[in-house]
Every structure is written in C-alpha cells, then in structure tokens.
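# Overview (structure and organization)
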Amino acid sequence: MKEAKDKERLDKVLSNNGFGSRKTVRHLIRSGAVSVNGRTELLPDAHVSVTLDRITVDGEEQRVIRHVYLMMNKAAGYVCSTKCGEHKTVFDLLDEKYLGKFLGGTVASIGRLDVDTEGLLVLTTDGALNHFLTAPKNRIPKTYFVRLRDDVPPEKQAVCTEKLKAGIHIEAEGSEAAADCLGAECAWLSPSECELTIYEGKYHEVKRMFLALGNEVAYLKRLRMNGLELDPSLEAGQYRELTDEELKKLAVQK
C-alpha cells in the first residue's frame, strides 16, 4: 500500500477547505458529521492524507486543495503586490475563493511585472515552485514581446542582437545599482518589434537593456516562462487554473 507523505490534521484540512475557524471545525467533527474513508472521525487532531484519504462532510465528498496554480494575462495598470494605494493589484482581479488560506499557504505571484507590463503572470501557493522559478542560479528563461519607440534598421539589428547575447551593461535606476546582465536572446519581428528571452529578473531589466542600446521600450508583454506559454484565449485581466500538463512545463528543470 502506498504510504501517505502529505498528512495534515483533520481540523486544519477542513478549516482551510472553507468550513470556518478551527473552533467551528472542531465542533463539526465532534458532532459526527465528518467521515474519513467511510468511517466517522470524532478526533479533530486525527491526521489524514490529503491525496489518499476520502473525506466527507454530511455525506458530501470534499476536494481537498493543498496548492493553487493560476495563469493570468496581466493587464496594464495593475501591480503585483498585495497592497498599493496608487494602483489596483492583480489580486483585485481574483475571485474571493482564491484569496483565502489554503493548506499550502496564500496565493502569491511568481516574480513581478511592472505596472504597465502585460502578459503571463503565474500565481500560486506553492512556495517551492516560486523559489525554483525566481532563484537567479536556476536561470529560468522568460520571453517578452517588445515594441520599441524607434525603428532599428536591419543593419543595426544584428549589432543589437550580438550585444544582448554577450550580456549588456545597464545603468543604475533609482535605488537599483548598475549591473551586467546575463546574455539574452533576441529575435526580430520587424524594425520596431522583437521577442527577447532573458534568464534573470533584475528591476526593469528589459527596459534598461534597450535604454543601454539607445532606444526605449514602448510596450512590453511577457509571453513565456520556462516551458509555459500564455494562453492566447485569455483577455487582459483574465485568468484560469493551470492544467497538469502546463504545470509540468512550468516546473521542468532544464
């Protein structure tokens, strides 16, 4: 028989599954309304497996959620912090059911996009995945669609591409120090548009890279993170849960 390695207290599981405070849930359990694998469980501190055990409340089987994984097409005008007096936050776009505390914690964004940047944003309760995708040493690829202020003629595109590939120096901005960026991959789509893949997440990095090349980013949208691509059917500000296959693509180790 498979050994359960994801056991939690029954009262914690039900409390984080929307049945109220721990105190309320303890009363619920002691009333005989809760069953585990077909047997009434009266002990709130009984340990259950959230993946292997079948938990029912008043005869209704519960879908126990440890982690939530969401893909959002971030809209311009929203920030990725939980609170901001000046702008709305991406969390204002979420349904109330995603704003509570799950077994794995509360929903947080994996990295951040600037207030005027659109595109792929992943939100999750999975801290281990968040760390994996944002740790600089892992060099996770992130691809952006970039529209520039000034056209770059074909004869200069190759020069820009080589400079970006070699790792360009960016100047200080605000409290952020000057830095040498890791090499980036640039594929030109037109004189003013390209797709840029970077492998780190410095503050305003894409904007500062093109500023170092004497240009300015007029529009920026993230298209991919690791193996996960933004669902083109999502309108700006819309989101949905990731499929299991998408989660595998996101978490793949190169």
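Scroll up for the structure.
Here's a quick rundown of the structure. (Residues numbered from 1 in each chain as written. Predicted model: local features only at pLDDT ≥ 70, side-chain atom pairs only at ≥ 80, totals over all residues. Heavy atoms only, no water.)

## Topic: the pattern of salt bridges
- Counted according to the given criterion, the structure contains 15 salt bridges.
- One salt bridge in this structure joins Asp150 and Arg149, with 2.8 Å as the shortest N-O distance.
- Look at the salt bridges and you will find they share partners, linking Glu8, Lys12 and Arg66 into a network. (Salt bridge = Lys/Arg side-chain N within 4 Å of Asp/Glu carboxyl O.)

## A word on the sheet that holds strand β6 (residues 60-61)
- Taken together, four strands build an open sheet; the order of strands is β3-β2-β5-β6 and the sheet is antiparallel. Of all the strands in the sheet, the pair left with one neighbour each is β3 (39-40) and β6.
- Pairing geometry for strand β2 (residues 34-36) and strand β5 (residues 55-57), over three bridges, is antiparallel. Looking at the pairing, Val36 lines up with Ile55 of β5. (Pairing = 2+ DSSP bridges. Helix = DSSP H or I, 4+ residues; strand = E, 2+ residues; numbered from the N terminus.)

## Topic: the environment of Leu28
- On the secondary structure map, Leu28 appears in helix α2 (residues 22-30).
- In the structure, Leu28 is positioned 57 residues away from Gly85 in sequence and 40 Å away in space, judged by C-alpha atoms.
- Discounting chain neighbours no more than four positions away, the residues touching Leu28 are Phe19, Ala33, Val34 and Val57. (Contact = heavy atoms within 4.5 Å.)

## Some details on the pairing of strand β15 (residues 185-190)
- Across five bridges, β15 lies against strand β16 (residues 193-198) in antiparallel orientation. Of the residues in β16, the one forming a bridge with Ala187 is Glu195.
- Remark: two residues form the turn of the hairpin made by β15 and β16, two consecutive strands paired antiparallel.

## Considering the nonpolar core
- In terms of nonpolar packing, the biggest core is built from 36 residues, with Val90, Leu123, Val146, Leu196, Val206, Met209 and Phe210 touching the most fellow members.
- For this core, the elements supplying multiple residues, two or more each, are β7 (69-74), β11 (118-124), β12 (142-148), α4 (154-166), β15, β16, α5 (205-212) and β17 (217-225).
- Apart from residues lying up to four places away in sequence, Phe210 is in contact with Val146, Leu148, Leu164, Cys194, Leu196, Asn215 and Val217. (Core = buried A, V, L, I, M, F, W, Y, C linked by side-chain atoms within 4.5 Å. Buried < 20%, exposed > 50% of the residue type's maximum accessible area, 1.4 Å probe, protein only.)

## Here we look at α4
- An ideal rise of 1.5 Å per residue puts 18 Å on 13 residues; α4 measures up with 19 Å between its terminal C-alpha atoms.
- Trailing α4 by a residue or two, Gly167 shows a phi angle of about 100°, which is positive. (Expected span 1.5 Å × (residues − 1).)

## Brief notes about the layout of surface pockets
- Put simply, the largest pocket is a space of about 610 Å³.
- Surrounding the largest pocket, 30 residues form its lining, Gly111, Arg112, Leu113, Gly201 and Lys202 being those nearest its centre.
- Here the residues of the lining of the largest pocket are counted per class, giving 15 nonpolar, six polar and nine charged.
- Its boundaries defined by the atoms lining it, the second largest pocket holds a volume of some 250 Å³.
- In this structure, the second largest pocket is lined by Arg63, Val64, Ile65, Arg66, His67, Val68, Tyr69, Glu241, Leu242, Thr243, Asp244 and Leu247.
- Of the residues belonging to the lining of the second largest pocket, the class tally is six nonpolar, two polar and four charged. (1 Å grid on protein atoms, 1.4 Å probe; cavity = no way out; pocket = protein on both sides within 12 Å on 5 of 7 lines; lining within 4 Å. Points joined across faces, edges and corners; volume = space filled by probe spheres on them. Nonpolar A, V, L, I, M, F, W, Y, C, P; charged D, E, K, R; others polar.)

## Concerning the packing of aromatic side chains
- Summed over all chains, the structure comprises two aromatic pairs.
- Ring geometry for Tyr98 versus Tyr239: centroids 6.0 Å apart, planes at 80°, classification edge-to-face. Of this pair, Tyr98 sits in the loop between β9 (88-89) and β10 (108-109) while Tyr239 sits in strand β19 (residues 239-241), placing them 141 residues apart in sequence.
- The class for Tyr98 is buried, based on a relative accessible area of 8%.
- Residue classification places Tyr239 among the partly exposed residues on the basis of a relative accessible area of 23%.
- Between the aromatic rings of Phe145 and Tyr219, the centroid separation amounts to 6.1 Å while the plane-to-plane angle is 65°, which identifies the pairing as edge-to-face. Linking Phe145 in strand β12 with Tyr219 in strand β17, this pair joins segments that are 74 residues apart in sequence.
- With relative accessibility at 22%, the residue Tyr219 sits in the partly exposed group. (Phe/Tyr/Trp six-rings, centres within 6.5 Å; stacked < 30°, edge-to-face > 60°.)

## Details of α2
- Burial in α2 covers these residues: Val25, Leu28 and Ile29. Down the axis of α2, the buried side of the element spans an arc of 95°, and every buried residue falls inside it. Among the exposed residues of α2, those oriented more than 90 degrees off its buried face are Lys23, His27 and Arg30.
- Against α1 (10-15), β2 and β5 lie the buried residues of α2. (Arc of directions from axis to C-beta.)

## Here we look at unusual backbone geometry
- We note that Arg139 has phi near 50°; this positive angle belongs to a residue other than glycine.
- Within the element layout of this structure, Arg139 appears in the loop between α3 (127-134) and β12.
- The phi torsion at His204 lies on the positive side, around 50°, for a residue other than glycine.
- Here His204 lies in the loop between β16 and α5.
- A relative accessible area of 17% places His204 in the buried class.

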